[in-house]
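Summary of the model geometry
This is what each chain is made of:
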Amino acid sequence: MSLINRKVLTLDEFTIQQLRNFPKATGELSSLLRDIGLAAKRVNVEVNKAGLVDILGDAGSINVQGEDVKKLDIFANNQFTGVLQHGISCAGIASEELDDFVAFDDDVSKNSKYICLYDPLDGSGNIDVNISIGTIFSVYRRVSEIGTIATAADFLQPGVKQVAAGYIIYGSSTMLVYATRRGVNGFTLDPSIGEFCLSHPNIQCPEFGKIYSVNHGNFFQYAQGVQDYIQTCQRKNKTNGGPYTQRYIGSMVADVHRNLLKGGIFMYPPTTDKPNGKLRLLYECNPFAFIAEVAGGKATNGQQRILDVVPTELHQRSGFFVGSKGMMEELEAHMK
Ligand code: AHM
Ligand code: MG
């Protein structure tokens, strides 16, 4: 019988240890990350039994807690919003599920220095077919005055201002990966103790990889430069070691997570049908761009570094290209 290593750091231990290296830190960011970890565990429980919903009760029926059975993405949104509202670090949130941002108006929240944006359950269309889905989040220091209520300006900061960003992947195992400027670290949920444990310290994205991820069905709708690059990926090529392998499951968290660890490039280019792309700048592109850059990779919208884009709307869409530095530079050369 192999013994489980219980010496690994849990998410809470890790964030507290990080604090010890920064005597001036207030612990607010650590507390916010712990809140997110808690919401993630609750969402994980529900995602894991998604297939049982039909046999255990139809939508519209009442669950054990006496609540209506809700769609999982609404459930996830409520969990993340709830922990952050009741925590001590977050002045307000914006979510892909909500039309507008929510500024918390209690005294503790008004005196908190961070705001958080998230896509509570990305790829939720994949739930029915048992494919990995995820949560994506992004944390900024507010620009409005502490002690007042958060404002739109707090949520419309360019991605370069992110203090932290991360994602949770509900997959064959559940993982929480987050980045601060100091590094990207991955934690795997150990269901036997209900804790996220440090399993992937200091993640670095390989400079080159063999994987390209794109929706090939849209090929003829992409700009010429994108089509040219995709064809380069398909060719044998001495300099890039091609042909590459195409992998695209249509669940961004799973696709980008794999490419981050193995090396690769993920693309959701603008199409003639969707000239501004599909993915949302604030909830999807910015957090992954931040994580990729901290891990040594790159992210652009096709013209510009994602993190430099100044948002004008909460739900703004963007073309998105992210991945290994060397592959991104190959792409950029084709798009010039
Ligand atoms: P969603 O936020 O509505 O779930 O859409 C985002 C998802 C991403 O996870 C994925 O990369 C993309 O949509 C797939 O789109 P497509 O099916 O057009 O390739
Ligand atoms: Mg989404």
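Residues numbered from 1 in each chain as written. Chains lettered and ligands numbered in written order. Predicted model: local features only at pLDDT ≥ 70, side-chain atom pairs only at ≥ 80, totals over all residues. Heavy atoms only, no water.

1. Remarks on the coordination of the magnesium ion (ligand 2)
Protein coordination of the magnesium ion (ligand 2) is provided by D119 (OD), D122 (OD) and E284 (OE), with donor distances spanning 1.9 to 2.1 Å. In the primary structure, the donors to the magnesium ion (ligand 2) are separated according to the pattern D-x2-D-x161-E. Here D119, found in strand β3 (residues 114–122), pairs with E284, found in helix α9 (residues 281–294); they are 165 residues apart in sequence, far enough to count as distant. (Donors = N, O, S within 2.8 Å, 3.2 Å for Na, K, Ca; no water. Helix = DSSP H or I, 4+ residues; strand = E, 2+ residues; numbered from the N terminus.)

2. Digging into the packing of aromatic side chains
Applying the stated criterion across every chain, the model contains eight aromatic pairs. Taking 5.2 Å as the distance between ring centres and 70° as the angle between the ring planes, the aromatic pair formed by F14 and F187 counts as edge-to-face. Placement of the pair is F14 in helix α1 (residues 11–20) and F187 in strand β7 (residues 183–190), with a sequence separation of 173 residues. F187 shares its class with F14; the two are buried. Between the aromatic rings of F101 and F155, the centroid separation amounts to 4.7 Å while the plane-to-plane angle is 25°, which identifies the pairing as stacked. Of this pair, F101 sits in the loop between β1 (90–95) and β2 (102–103) while F155 is found in helix α6 (residues 152–155), placing the two residues 54 residues apart along the sequence. Owing to a relative accessible area of 23%, F101 belongs among the partly exposed residues under this scheme. For F155, a relative accessible area of 0% gives the class buried. (Phe/Tyr/Trp six-rings, centres within 6.5 Å; stacked < 30°, edge-to-face > 60°. Buried < 20%, exposed > 50% of the residue type's maximum accessible area, 1.4 Å probe, protein only.)

3. Focus: the site of ligand 1
Not every one of the 16 residues close to ligand 1 is listed here, only the nearest: D122, G123, Y248, M252 and Y268. Separating an oxygen atom of ligand 1 from a backbone N or O atom of G123 is a distance of 2.8 Å. Here Y268 contributes a side-chain N or O atom positioned 2.6 Å from an oxygen atom of ligand 1. Compared with its free state, where it exposes 480 Å², ligand 1 has 79% of that area covered by protein. Classifying every residue of the shell around ligand 1 gives five nonpolar, five polar and six charged. Two domains each put at least three residues into the shell around ligand 1: domain 1 (11–200) and domain 2 (211–335). (Near = heavy atom within 4 Å. Polar contact = N/O pair within 3.5 Å; in protein donor to acceptor, adjacent residues only side chain to side chain. Areas by Shrake-Rupley, 256 points an atom, 1.4 Å probe, with all protein chains shown as cover. Nonpolar A, V, L, I, M, F, W, Y, C, P; charged D, E, K, R; others polar. Domains from an automatic or database assignment.)

4. What to know about the domain arrangement of the protein
Interfaces are frequently sized by the accessible area removed from exposure as the parts join. Along its sequence, the protein is organised into domain 1 (11–200) and domain 2 (211–335). Placing the centre of domain 1 and that of domain 2 at their C-alpha centroids yields a distance of 25 Å. For the domain 1 face of the interface with domain 2, the top three residues by lost area are E96, L156 and Y167, together amounting to 23%. Across the salt bridge formed by E96 and R280, the nearest N and O atoms sit 3.6 Å from each other. Connecting domain 1 to domain 2 are eight residue pairs in polar contact (both at pLDDT 80 or more). Listing elements by their share of the side of domain 1 that touches domain 2, those giving two or more residues are β1, β3, β4 (133–141), β5 (162–170), β6 (174–180) and β7. Per element, the largest residue contribution to the side of domain 1 that touches domain 2 is eight residues, and it comes from β5. (Buried area = accessible area lost by both parts, 1.4 Å probe. Salt bridge = Lys/Arg side-chain N within 4 Å of Asp/Glu carboxyl O.)

5. Quick word on the pattern of salt bridges
Counted according to the given criterion, the structure contains 11 salt bridges. A salt bridge links K49 to E46; the shortest N-O distance between them is 3.5 Å. E46 gets classed as partly exposed once you look at its relative accessible area, which sits at 26%. Taken together, the shared-partner salt bridges connect K298, K325, E329 and E332 into one network.

6. Brief notes about the sheet that holds strand β11 (residues 264–268)
One open sheet holds the five strands; their spatial order is β10-β9-β11-β15-β13, and the pairing between them is mixed. Both outer strands of the open sheet, β10 (245–246) and β13 (298–300), are each paired with one neighbouring strand and no more. Relative to strand β15 (residues 320–323), β13 is paired through three bridges, and the arrangement is antiparallel. Across the sheet, residue T300 finds its bridge partner in β15, namely F321. Across the sheet, α9 touches β13 and β15, and the angle it forms with β15 is around 25°. (Pairing = 2+ DSSP bridges. Contact = heavy atoms within 4.5 Å. Axes fitted to C-alpha atoms, helices over the stretch in contact; angles between N-to-C directions.)

7. A look at helix α10 (residues 325–335)
For α10, the full list of buried residues reads G326, M327, M328, E330 and L331. On the buried face of α10, the contacting elements are β9 (211–213), α7 (224–234), β11, β13 and β15.

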